[in-house]
Amino acid sequence: MRLEKCWFCSSTTYPGHGIQFVRNDAKIFRFCRSKCHKNFKMKRNPRKVKWTKAYRRVHGKDMTQDSTFEFERKRNRPERYDRNLAENVLKAIPKIDKIRVAREEKHHKNRMKGKKQKLHMEAVRELEQGISLVKAPSVLQKDPFLTLPKIKVGVSQQQQSEENHPMEE
Amino acid sequence: MGGKCPHRNVKKRRYSHKTARRTKFELKGDDMVYAQLNKPDEERAPLPLDEDLPGMGQYYCLHCDRYFSNVAVRDEHFKTKRHKKRIKQMMGPAPHTQLDADVAAGMGMPDNGPKLMSM
């Protein structure tokens, strides 16, 4: 019961899922879905396909350096069983996972830090460039603000007598 | 009268010629070529004699994985645009491997345990 990672998109492949390609130099390529398998057959580079983990890692969109990654690794040398150690490891796994999730969220927040300011500056620039679409230049000279004057609309109320008439049957 | 024959497919016919089939199925993978190119010169064995290959298998382009019948044809191949593109590609970053996929998924480097004593 070993969980492998897809060669293309790096997602986890559970037993009974996906497909495996063994090349004639004995190198193994595992794929989680036919989507990844087809992309591999089309000779696409995972680092250039935006929905893969490899792309996100290369372009800094995911956390790449963290000590919590060291706990999950392929161990090519079996450990002798120790009951106390196994119990401690099982106890520590949810704690490690919680820490990893918190750090990933922190990384995402840091990455998005300058987003609001950037959007605001873009909006200001758009206003400055496009104000003439809704405000004529002659009006702009008199009133050089980037806001529009409020327009008052008169609303006439219906007469009370008409509403109270019952319908004739 | 007229109409299209349901079995004759232009796309299938276009992609079934020799060059396209070879490019798709017979070429070495990028990582195999990359490993061969980065091998030090001492380990590169001379090309074995093979009567089934053109030119006894002695005129070989490693980047494109092709055999040629003599030196002149091979040197002519070295001038082609496809070969130059291939050289540029091989001088770039290392190709993608399963290790890269594992690291991107959040796994650490593999643990190979202690080094065994040499006999």
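What counts and how
- Residues numbered from 1 in each chain as written.
- Chains lettered and ligands numbered in written order.
- Predicted model: local features only at pLDDT ≥ 70, side-chain atom pairs only at ≥ 80, totals over all residues.
- Heavy atoms only, no water.
- UniProt positions renumbered as here; feature names shortened; annotations may be inferred.
- Helix = DSSP H or I, 4+ residues; strand = E, 2+ residues; numbered from the N terminus.
- Rg over C-alpha atoms; globule rule 2.2 N^0.38 Å.
- Buried < 20%, exposed > 50% of the residue type's maximum accessible area, 1.4 Å probe, protein only.
- Contact = heavy atoms within 4.5 Å.
- Areas by Shrake-Rupley, 256 points an atom, 1.4 Å probe, with all protein chains shown as cover.
- Lys, Arg positive; Asp, Glu negative; His and termini not counted.
- Charge placed at Lys NZ, Arg CZ, Asp CG, Glu CD.
- Buried area = accessible area lost by both parts, 1.4 Å probe.
- Polar contact = N/O pair within 3.5 Å; in protein donor to acceptor, adjacent residues only side chain to side chain.
- Patch = residues over 30% accessible without salt bridge, like charges linked within 9 Å, V, L, I, M, F, W, Y side chains within 5 Å.
- Salt bridge = Lys/Arg side-chain N within 4 Å of Asp/Glu carboxyl O.
- Domains from an automatic or database assignment.
- Core = buried A, V, L, I, M, F, W, Y, C linked by side-chain atoms within 4.5 Å.
- Phe/Tyr/Trp six-rings, centres within 6.5 Å; stacked < 30°, edge-to-face > 60°.

If you look chain B up in an unreviewed UniProt entry, it shows as C2H2-type domain-containing protein from Glycine max. UniProt, in its Sequence similarities (unreviewed entry) section for chain B, records the words "Belongs to the ZNF593/BUD20 C2H2-type zinc-finger protein family."

Looking at an unreviewed UniProt entry, chain A carries the name TRASH domain-containing protein, with the source organism given as Glycine max. UniProt annotates chain A under Sequence similarities (unreviewed entry) with the comment "Belongs to the eukaryotic ribosomal protein eL24 family."

Across its full length, chain B carries 6 helices and 2 strands. The secondary structure elements of chain B, listed N-terminal to C-terminal, are α-α-α-β-β-α-α-α. In terms of C-alpha radius of gyration, chain B reaches 21 Å, well past the compact-globule figure of 14 Å for 119 residues. Burial status across chain B gives 24% buried among its 119 residues. For chain B, restricting intrachain contacts to residue pairs at least 6 apart in sequence, the fraction spanning at least 24 positions comes to 36%. If you sum the accessible surface of chain B, you get close to 9,400 Å²; carbon and sulfur atoms cover 56% of it.

A tally of helices and strands in chain A yields 6 helices and 4 strands. Going from the N terminus to the C terminus, chain A shows its helices and strands as β-β-β-β-α-α-α-α-α-α. Its C-alpha atoms give chain A a radius of gyration of 31 Å, clearly above 15 Å, the size a compact globule of 169 residues would have. When the backbone C-alpha atoms are referred to their principal axes, chain A occupies close to 90 × 60 × 40 Å. When burial is assessed residue by residue, chain A has 18% of its 169 residues classed as buried. Where the 41 positive side-chain charges of chain A centre and where its 20 negative ones centre are 13 Å apart.

With numbering matched to this structure, UniProt assigns "domain: C2H2-type" (unreviewed entry) to residues 61-83 of chain B. Taken end to end, residues 61-83 of chain B has its terminal C-alpha atoms 9 Å apart, with 43% of it in helix and 17% in strand.

The next thing to look at is the interface of chain B and chain A. The partner chain A presents 26 residues to the 27 residues of chain B that form the contact. Taking both sides of the interface into account, the surface hidden between chain B and chain A amounts to around 2,300 Å²; carbon and sulfur atoms contribute 48%. Run the count over chain B and chain A and you get 16 residue pairs in polar contact (both at pLDDT 80 or more). Where the side of chain B that touches chain A is concerned, the elements lending two or more residues are helix H2 (18-26), helix H3 (30-37) and helix H6 (98-104) of chain B. If you tally residues by element for the side of chain B that touches chain A, the top one is H6 of chain B, at 6 residues.

This part is about a nonpolar patch on the surface. Residue and element names in this part refer to chain A. There is a patch of nonpolar side chains on the surface, built from Leu85, Val89, Leu90 and Ile93 and spanning about 380 Å² of accessible area. As for its position among the elements, Leu90 is in helix H3 (residues 83-111). Of the residues examined, Leu90 reaches a relative accessible area of 61% and is grouped as exposed.

Our next topic: the domain arrangement of chain A. What the domain assignment reports for chain A is domain 1 (1-62) and domain 2 (78-131). The C-alpha centroid of domain 2 of chain A is placed 23 Å from the C-alpha centroid of domain 1 of chain A.

Okay, the nonpolar core next. All names here are of chain A. One finds Cys6, Trp7, Phe8, Cys9, Phe29, Phe31, Cys32, Cys36, Phe40 and Val49 forming the largest nonpolar core, which totals 10 residues. Within the residue set of this core, elements represented by two or more residues are strand S4 (28-31) and helix H1 (34-41). Residues within four places of Cys32 in sequence aside, it is in contact with Cys6, Cys9, Ser11, Thr13 and Gly18.

This part takes up the packing of aromatic side chains. Residues and elements named next belong to chain A. Per the stated rule, a full pass over the model turns up 10 aromatic pairs over all chains. The interplanar angle of 35° and the centroid separation of 5.0 Å between the aromatic rings of Phe29 and Phe40 together place this pair among those described as tilted. In this pair, Phe29 is assigned in strand S4 and Phe40 in helix H1, connecting sequence segments 11 residues apart. Both rings, one in Phe31 and one in Phe40, keep their centres 4.9 Å apart while their planes meet at 40°; by these two values the pair is tilted. The exposure class of Phe40 is buried, given its relative accessible area of 18%.

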